[in-house]
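# A structural walkthrough
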Amino acid sequence: MKVAVVKETAPAERRVALVPDAVAKLRSAGHEVLVQTGAGAGAFLPDESYSEAGATVVPAEQLAVADSGQAVLGMFAPLTDPQLAKRLASTGATALSLDLIPRTLSRAQPMDALTSQANIAGYKAALVAAAAFGRFFPLLITAAGTARPAKVLVLGTGVAGLQAIGTARRLGAVVSAYDVRPETKTEVQSLGATFIELTSVGPAGGEGGYARALTDAERAAQQAELADHIARHDVVITTAQVPGRRPPLLVTSEALKSMAPGSVLVDMGASTLGGNVEGSAPGETIVADNGITIIGADNLPSTMAAAASAMYARNISSLLLYMVKDGQFTVDLADELVAAVVIAQDGKVVHPALATSAAE
Ligand code: NAD
């Protein structure tokens with residue numbers, strides 16, 4: 001198998017798909033690895049580190065030397081970007097998207113890039129919030145006065161939310177959290193945070209451990225009841241997502257008005273479609289008239305490119321090695337793990353979950 005690592009081209013993306021350790025692992029399994037010049041630069045990985053690990057570093061135009069039967073692996077967000085899936089299909093290559101890895105299969109855990117990247121994002125969200133907050137996170141007793149600990153609210157307690165809770169707790173904040181999946185309560189409590197239960201919205205677990213989209217009535221009730229909690233907190237970190245949908249709006253402009261000046265919100269759901277916080281914008285920090293700061297944190301893993309690339313490389317090399325049979329990269333659709341990640345093959349978008357969105 002020949003593996004080629006291309007330099008990422010998305011704006012502000014600093015991660016790289018394979019780090020030298022992963023290259024060495026593929027080499028020792030007998031595979032050839034080509035790396036585009038400068039591919040690791042954003043993650044502080046010089047070309048020489050790849051050469052030393054056994055890769056051949058080449059300019060972009062010399063990368064396309066893979067065998068026929070090419071496959072392209074990445075995080076293509078096919079449920080939210082079906083056009084990209086179509087464009088990938090039109091190349092004739094087999095496209096595999098790591099964000100569709102079935103997360104409940106234990107053999108898929110080393111390949112679970114959503115989890116590895118969400119862990120990093122949740123950690124960094126708490127740090128971004130602490131850096132933007134004009135007060136302390138911990139209780140601090142000094143001769144010059146006593147600082148009370150910050151009150152942090154985390155909305156959405158999946159992988160990123162739990163990591164944000166842990167990080168804010170380690171910084172000394174008093175943390176509360178809420179999720180529509182009540183089964184997360186014990187995880188929240190085990191991290192030393194208080195789980196908020198809303199009376200107006202029932203459990204809303206969906207398929208595969210994810211949340212389902214709320215009805216309009218549920219959403220309005222949730223927003224209204226959350227507003228009181230939001231008003232009592234200094235910092236709000238939002239991480240709520242529903243697969244394939246725009247992120248749910250949890251913090252309305254009414255709720256924002258009730259927050260004290262100096263409050264900080266970090267919206268990890270910020271996207272061009274809208275985020276968890278009304279008015280947030282991806283990649284932008286907005287200071288509202290009432291003195292609250294809204295940070296649209298759209299690609300936090302890229303801001304920790306060295307750690308994020310190391311973990312992502314582990315995910316991607318695990319999937320590659322898993323799919324090699326008799327030395328050849330093999331797309332075995334009889335394997336539910338493989339079938340779940342193939343989004344395009346033989347010129348067509350093939351994933352069942354994409355059939356509707358791509359069939360225009
Ligand atoms: P996600 O990124 O899809 O969503 C983040 C959180 O937002 C979720 O906890 C979700 O319940 C919550 N949410 C959605 N809508 C909401 C709303 N309106 N109000 C409040 N909260 C809302 O989730 P994720 O972090 O990718 O994790 C999803 C699930 O996958 C979890 O159950 C997690 O335990 C599971 N998981 C399992 C494994 C495994 O079994 N190996 C690995 C990783 C994740």
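## Some words on unusual backbone geometry
One non-glycine residue with positive phi stands out, namely Asp326, at about 50 degrees. In the Ramachandran plot, Asp346 falls in the positive-phi region, its phi being about 50 degrees despite a non-glycine side chain. In this structure, Asp346 sits in the loop between β17 (342-345) and β18 (348-349).

## Observations concerning the packing of aromatic side chains
This structure, assessed with the given rule, holds one aromatic pair. Ring plane angle 65 degrees and centroid distance 6.1 Å describe the contact between Phe133 and Phe137, whose orientation is recorded as edge-to-face. In this structure, Phe133 and Phe137 share a single accessibility class: buried.

## Some remarks on the environment of Ser28
Looking at the secondary structure, you find Ser28 in helix α1 (residues 20-28). The exposure class assigned to Ser28 is exposed, which follows from its relative accessible area of 65%.

## Here we look at the site of the ligand
Of all residues adjacent to the ligand, which total 24 residues, the nearest are Arg103, Val159, Asp179, Arg181 and Gly209. Gln109 has a polar side-chain atom sitting 2.9 Å from a nitrogen atom of the ligand. In the complex, the protein chains occlude 83% of the 840 Å² of accessible area that the ligand would expose alone. Here the residues of the shell around the ligand sort into 10 nonpolar, 10 polar and four charged.

## Concerning the environment of Pro352
Relative to the assigned elements, Pro352 resides in the loop between β18 and α12 (355-358). Pro352 gets classed as exposed once you look at its relative accessible area, which sits at 64%. Residues Pro352 and Ile292 lie 60 residues apart in sequence; the distance between their C-alpha atoms is 43 Å.

## Quick look at the side chain of Gln36
As for its position among the elements, Gln36 is in strand β2 (residues 32-36). Apart from the residues within four sequence positions on either side, Gln36 is in contact with Val5, Val6, Lys7, Asp47, Val57, Val58, Ala60 and Leu63.

## So, the pattern of salt bridges
Throughout the structure, instances matching the rule amount to 10 salt bridges. Arg181 is the partner of Glu183 in a salt bridge, and the nearest nitrogen-oxygen pair spans 3.6 Å. Taking relative accessible area as the criterion, Glu183 reaches 48% and is therefore assigned partly exposed. Taking the relative accessible area as the measure of exposure, Arg181 reaches 15% and is therefore buried.

## As for the pairing of strand β14 (residues 293-296)
Alternating positions in β14 separate into two faces, Thr293 and Ile295 on one and Ile294 and Gly296 on the other, with burial throughout. The hairpin formed by strand β13 (residues 285-287) and β14 contains five residues between the paired strands, and Gly291 there has a positive phi angle of roughly 80 degrees.

## Notes on the sheet that holds β2
Ordered by their spatial adjacency, three strands build an open sheet running β1-β2-β3, and the pairing between neighbours is parallel. The open sheet has two free edges, formed respectively by β1 (2-5) and β3 (56-58), since each of these has just one partner strand. When strand polarity is set aside, the average angle formed by the axes of neighbouring strands in this sheet is 25 degrees. Sheet analysis places β2 next to β3, joined by three bridges and oriented parallel.

## Focus on the packing of helix α4 (residues 113-132) against helix α10 (residues 305-323)
Look at α4 against α10: their axes get within 9 Å of each other, and the N-to-C directions meet at 170 degrees. Our classification of the angle between α4 and α10 gives roughly antiparallel. The handedness of the crossing between α4 and α10 comes out as right-handed. Of α10, the residues touching α4 (which contributes Ala113, Ser116, Gln117 and Ile120) are Ala307, Ala308, Met311, Tyr312 and Asn315. Residue classes in the contact of α4 with α10 are distributed as six nonpolar, three polar and no charged.

## Brief notes about α4
For α4, with 20 residues, the first-to-last C-alpha span of 28 Å sits near the 28 Å given by 1.5 Å per residue. Those residues of α4 that fall on the buried side of the exposure criterion are Ala113, Ser116, Gln117, Ala118, Ile120, Ala121, Gly122, Lys124, Ala125, Ala126 and Ala129. Those residues of α4 that are buried lie in contact with α5 (159-170), β11 (235-238), β12 (264-267), α9 (300-303) and α10. The backbone nitrogen of Leu114 has a side-chain oxygen 3.3 Å away, supplied by the residue at the start of α4, namely Asp112.

## Notes on the sheet that holds strand β10 (residues 194-195)
With mixed pairing, the seven strands of this open sheet are ordered in space as β10-β9-β8-β11-β12-β14-β13. If you trace the sheet from one side to the other, it starts and ends with β10 and β13, each paired once. Sheet analysis places strand β9 (residues 174-178) next to β10, joined by two bridges and oriented parallel. Its bridge partner lying in β10, Ala177 is registered against Phe195. Seen against the sheet, α4 touches β11, β12 and β14 and runs at an angle of roughly 155 degrees to β12.

## Re the nonpolar core
Val16, Leu18, Val33 and Ile343 are the most contacted members of the largest nonpolar core, which totals 46 residues. Elements supplying a minimum of two residues to this core: β1, α1, β2, α3 (82-90), β5 (94-97), α10, α11 (336-341) and β17. Here the element with the most residues in this core is α10; it accounts for seven residues. With residues near it in sequence (within four places) discarded, Val33 still touches Val3, Val5, Leu18, Val23, Leu26, Arg27, Ala55 and Thr56.

So, how was this worked out
- Residues numbered from 1 in each chain as written.
- Predicted model: local features only at pLDDT ≥ 70, side-chain atom pairs only at ≥ 80, totals over all residues.
- Heavy atoms only, no water.
- Helix = DSSP H or I, 4+ residues; strand = E, 2+ residues; numbered from the N terminus.
- Phe/Tyr/Trp six-rings, centres within 6.5 Å; stacked < 30°, edge-to-face > 60°.
- Buried < 20%, exposed > 50% of the residue type's maximum accessible area, 1.4 Å probe, protein only.
- Near = heavy atom within 4 Å.
- Polar contact = N/O pair within 3.5 Å; in protein donor to acceptor, adjacent residues only side chain to side chain.
- Areas by Shrake-Rupley, 256 points an atom, 1.4 Å probe, with all protein chains shown as cover.
- Nonpolar A, V, L, I, M, F, W, Y, C, P; charged D, E, K, R; others polar.
- Contact = heavy atoms within 4.5 Å.
- Salt bridge = Lys/Arg side-chain N within 4 Å of Asp/Glu carboxyl O.
- Pairing = 2+ DSSP bridges.
- Axes fitted to C-alpha atoms, helices over the stretch in contact; angles between N-to-C directions.
- Parallel < 35°, antiparallel > 145°, perpendicular 65-115°, else oblique.
- Left-handed = near helix turned anticlockwise from the far one by under 90°.
- Expected span 1.5 Å × (residues − 1).
- Core = buried A, V, L, I, M, F, W, Y, C linked by side-chain atoms within 4.5 Å.

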